[in-house]
Structures are given as structure tokens and as C-alpha cells.
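Summary of structural features
Spelled out, the chains give:
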Amino acid sequence: MTVFIGGAWPYANGSLHLGHIAALLPGDILARFYRQKGEKVLYVSGSDCNGTPISIRANQEKSTIEAIANRYHEEFVACFEKLGFSYDSYTRTDAEHHHKSVQAIFLKLLENGYLYKKTSEQAFCETDYQFLPDRFVEGTCPNCGGKARGDQCDHCSAILDPLDLIDKRCKICGNKPTIKETEHFYFSFSQFQVKLESWVIKAQKENRWRKNAISLTTRYLKEGVPDRAVTRDLPNGVDVPLAGYEGKKIYVWIEAVAGYLTASKEWAN
Ligand SMILES: [Zn+2]
Ligand SMILES: [Zn+2]
């Protein structure tokens, strides 16, 4: 048996600071612990090189997405080497192997009936002339009245749809976004409701999860697991591998997480 450890993917949009290292260090300690015990360990991670903040930075610096990602990826690798991190593989999410593997996963999910198409309304900024990722819509939480981002409220932990926010603003330019229709693929989480419920009950019985992990997961399941979009209108990321969907990318929550599998496959190759 191999002990698999997936370290968090630092975002290639700025330098690392002590807080990042503190969050990444436990994975390295764990990897060393298991290796010393004589276990086989596979410890992987990489730089997250996709997403909107990198493309915004490239625009601001009149540079390219690739140049920004290269700069920080190389800086991260040098830092990890100096600090003696012991990754078995440290890759990046703009690598060709990652894009190909993520696209294969997407097509497999589609083939197995877990994805479906739906037209929905999404926030669009006329000033920046782009659809806004959830986190780039800010406003007031309809649940508690606190300041919230489009995907989630940090005050009351409610999972939000950016369109539910009151007094919506574009995070890039501060203007009020308009609403436009766009077609996307959705992951049918509802098909997994029963499976997830029994999994959490099992985890609870075995006493293997932290209390807050159990209570938050139970709460989400009680509210009913909503289907979530797996594609987005983004400038930078893994292309949706289907004709007619040019310019659409696979959403980060499925793409970056799949990186643990794609990095392992690359390491095995
Ligand atoms: Zn709230
Ligand atoms: Zn804007």
C-alpha cells in the first residue's frame, strides 16, 4: 500500500509568504514520518496556474499569462528546494499532461451521465468585458447581511449563488455587473445525495472526522446538495473538449482537485 499525500496547490499569482509555508508544512512532515516508518509514500502537489487572477495580473503588467505563471512557479520551486520540501513530484496545472487528463475525466463524467447542459444567468462586467467568476462578484449576503463573495459567505458559511447577492459589484473594477445568459455543464450532485449521507454516517460511527467537518457536511446534506456548474466562461484554464464550447473552461473546483490524480499519473509514467 502507498500512503498518498496531496499538498495544497499554491496559486501562481504572487510570492509565497510564511502563512503559505505554515499551511504546506504539515504535508511534508507527514510524508517524512511515513517514509521513516518504512511505508511507500507518494507526495505530490504543484502550482495552480489557471484562473482569473493570473489573467488580470497579466493585463495589468502588460505581460502574458504564461510569463506570470512561469515567474511564480519557478520562484515556488526554488523556495521549496531551499526549505528542503520532499515532494515526490511538484508539477503545474498548465502542463499538457494535466490538461489532457482533466479533459479525459470531463468526457468520462459526461459519458457516465453525471453532467448535463443548462442555460443560466451569470454576472457579466461590461467594463472588463467578461463573465465574472463567482469570487469576483461581491456584495451583501442575503442570509445574514454581512459582506460576502459570490460563492460563499464567510460570516454565516452559506453557499451562495453570485446572483443572490444584494448590491452586486465587480471585484476587478467596482462597477455594477449586468446579467447575461450562458450555457454550461452542471455536475449532478443530487445523484450522490444518498451515497454521501451513508458515507458521513459511517465516518461519524468510526469517529474518524473532526466534529466541525461532520456538522458542516451534515448541514449541507440536510439543505440538499445543489448541482454545480463544472464549466465557466474564463480566459485561462483547461478547455472544454467539445465542439461548440470554444472559450469555455473546466471550472477550478473540479480541475485543480483532479490535479492530485493527474500529478500521480504523471509521476507513475
Ligand atoms: Zn451570510
Ligand atoms: Zn468590472
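Residues numbered from 1 in each chain as written. Chains lettered and ligands numbered in written order. Predicted model: local features only at pLDDT ≥ 70, side-chain atom pairs only at ≥ 80, totals over all residues. Heavy atoms only, no water.

Observations concerning the sheet that holds strand β7 (residues 147–149)
Here is the rule: A pair of strands is considered paired only if DSSP assigns at least 2 bridges between the two. Secondary structure elements are defined from DSSP: runs of H or I of at least 4 residues count as helices, runs of E of at least 2 residues count as strands, and each element is numbered from the N terminus. Where helices are involved, their axes are fitted lines through C-alpha atoms of the stretch in contact, as for all axes, and angles between N-to-C directions lie from 0 to 180°.
Read from one edge to the other, the open sheet built from three strands follows the order β7-β6-β8, with strand pairing classed as antiparallel. Both edges of this open sheet fall to β7 and β8 (166–170), since each of them pairs with a single strand only. When the angles between neighbouring strand axes are averaged without regard to direction, this sheet yields 25°. Of the strand pairs in this sheet, strand β6 (residues 137–140) and β8 are connected by three bridges, and their pairing is antiparallel. Residue pairing for β8: threonine 140 is matched across the bridge by isoleucine 166.

So, the sheet that holds strand β9 (residues 178–187)
Here four strands make up an open sheet; going across it, the order is β5-β4-β9-β10 and the pairing antiparallel. The strands lining the two open edges of the sheet, one partner per strand, are β5 (130–131) and β10 (228–229). The pairing of β9 with β10 spans two bridges and is classified as antiparallel. In the sheet register, tyrosine 186 faces β10, and the bridge partner there is alanine 229.

Brief notes about empty space enclosed by the protein
Formally: The rule is simple: put a 1 Å grid over the protein atoms alone, call a set of points where a 1.4 Å probe fits but cannot get out a cavity, call an open set with protein on both sides within 12 Å along at least five of seven lines a pocket, and count a residue as lining if it has an atom within 4 Å of a point. Grid points are joined across faces, edges and corners, and a volume is the space filled by probe spheres set on the points.
Inspection of the entire model under this criterion finds one cavity of 30 Å³ or more. The calculated volume of the largest cavity comes to roughly 50 Å³. The wall of the largest cavity is formed by Val102, Ile105, Phe106, Leu109, Ile250, Ile254, Glu255 and Ala258. When residues of the lining of the largest cavity are traced back to their parent elements, those giving at least two are α4 (96–111) and α7 (252–268). Take the lining of the largest cavity: its biggest share by element is four residues, from α4.

So, the pairing of strand β2 (residues 40–47)
Note the threshold: A simple rule labels every residue: compare its accessible area, found with a 1.4 Å probe on the protein chains alone, to the largest value its type can have, and call it buried under 20%, exposed over 50%, or partly exposed in between. Note on handedness: a clockwise path from strand one over the helix to strand two, with the strands aimed away from the viewer, defines a right-handed crossover.
Most of β2 is tucked away, with seven of its eight residues classed as buried. Relative to β2, strand β1 (residues 2–6) runs parallel, the two being bridged by five bridges. Across the sheet, glycine 6 pairs through a bridge with valine 44, a residue of β2. In terms of handedness, the path from β1 via helix α1 (residues 18–36) over to β2 forms a crossover that is right-handed.

Considering the coordination of the zinc ion (ligand 1)
Geometry sets the ideal angles at a metal, namely 109.5 degrees for four tetrahedral donors and 90 or 180 degrees for six octahedral donors. How we decide: Coordinating donors are taken to be N, O and S atoms lying within 2.8 Å of the metal, or within 3.2 Å when the metal is Na, K or Ca; because water is excluded from the atom set, some sites may appear incomplete. Square planar and octahedral assignments, for four and six donors respectively, both demand that opposite donors be over 155 degrees apart and that all other angles lie between 65 and 115; tetrahedral needs four donors with all angles between 85 and 135 degrees, and anything else is irregular.
For the zinc ion (ligand 1), the protein coordination sphere consists of Cys141 (SG), Cys144 (SG), Cys153 (SG) and Cys156 (SG), at 2.3 to 2.4 Å. Note that the zinc ion (ligand 1) binds four donor atoms; their angles at the metal cover 106 to 114°, and the shape is tetrahedral. Read in sequence order, the donor residues coordinating the zinc ion (ligand 1) give the pattern C-x2-C-x8-C-x2-C. Of this pair, cysteine 141 sits in the loop between β6 and β7 while cysteine 153 is found in the loop between β7 and β8, placing the two residues 12 residues apart along the sequence. Judged by relative accessible area, which is 0%, cysteine 153 ranks as buried.

A word on the environment of histidine 97
For clarity, the threshold we go by: Any two residues whose heavy atoms approach within 4.5 Å at even a single point are treated as in contact.
By the secondary structure assignment, histidine 97 is in helix α4. Each C-alpha atom, one on histidine 97 and one on proline 177, is 36 Å from the other, the two residues being 80 residues apart in sequence. Beyond its immediate sequence surroundings of up to four residues, histidine 97 is in contact with Thr91, Thr262, Ala263 and Glu266.

Re the coordination of the zinc ion (ligand 2)
Protein coordination of the zinc ion (ligand 2) is provided by Cys125 (SG), Asp128 (OD), Cys170 (SG) and Cys173 (SG), with donor distances spanning 2.0 to 2.3 Å. In this structure, the zinc ion (ligand 2) is surrounded by four donor atoms whose angles at the metal cover 100 to 118°, and the resulting shape is tetrahedral.

Considering the environment of glutamate 75
Relative to the helices and strands, glutamate 75 resides in helix α3 (residues 65–83). Under the relative-accessibility criterion, glutamate 75 is labelled partly exposed at 28%. A C-alpha to C-alpha distance of 9.5 Å links glutamate 75 and glycine 14, two positions 61 residues apart in sequence. Ignoring anything within four residues of it in the chain, the contact list for glutamate 75 reads Ser15 and Leu16.

Observations concerning the packing of aromatic side chains
To be explicit about the condition: Here a pair means two rings of Phe, Tyr or Trp (six-membered ring of Trp) with centres within 6.5 Å. Their orientation is stacked below 30 degrees between planes, edge-to-face above 60, and tilted elsewhere. Placement of a charge over a ring requires the Lys NZ or Arg CZ to be within 6 Å of the ring centre, with the centre-to-atom vector within 35 degrees of the ring normal.
Applying the stated criterion across every chain yields a total of 21 aromatic pairs. Measuring from centroid to centroid gives 5.1 Å for tyrosine 114 and phenylalanine 192, while their planes differ by 50°, and the two rings are tilted. Note that tyrosine 114 is positioned in the loop between α4 and β4 (115–125) and phenylalanine 192 in the loop between β9 and α5 (193–206), a separation of 78 residues in sequence. Relative accessible area serves as the criterion here: at 25%, tyrosine 114 is assigned to the partly exposed category. An aromatic cluster is defined as three or more aromatic residues linked by ring pairs; in this entry it consists of Tyr43, Phe80, Phe85, Tyr87 and Tyr90. Against the face of tyrosine 186 rests lysine 118, its NZ or CZ located 4.4 Å from the ring centre. If you follow lysine 171 out to its NZ or CZ, it ends over the ring of phenylalanine 136, 5.3 Å from the centre.

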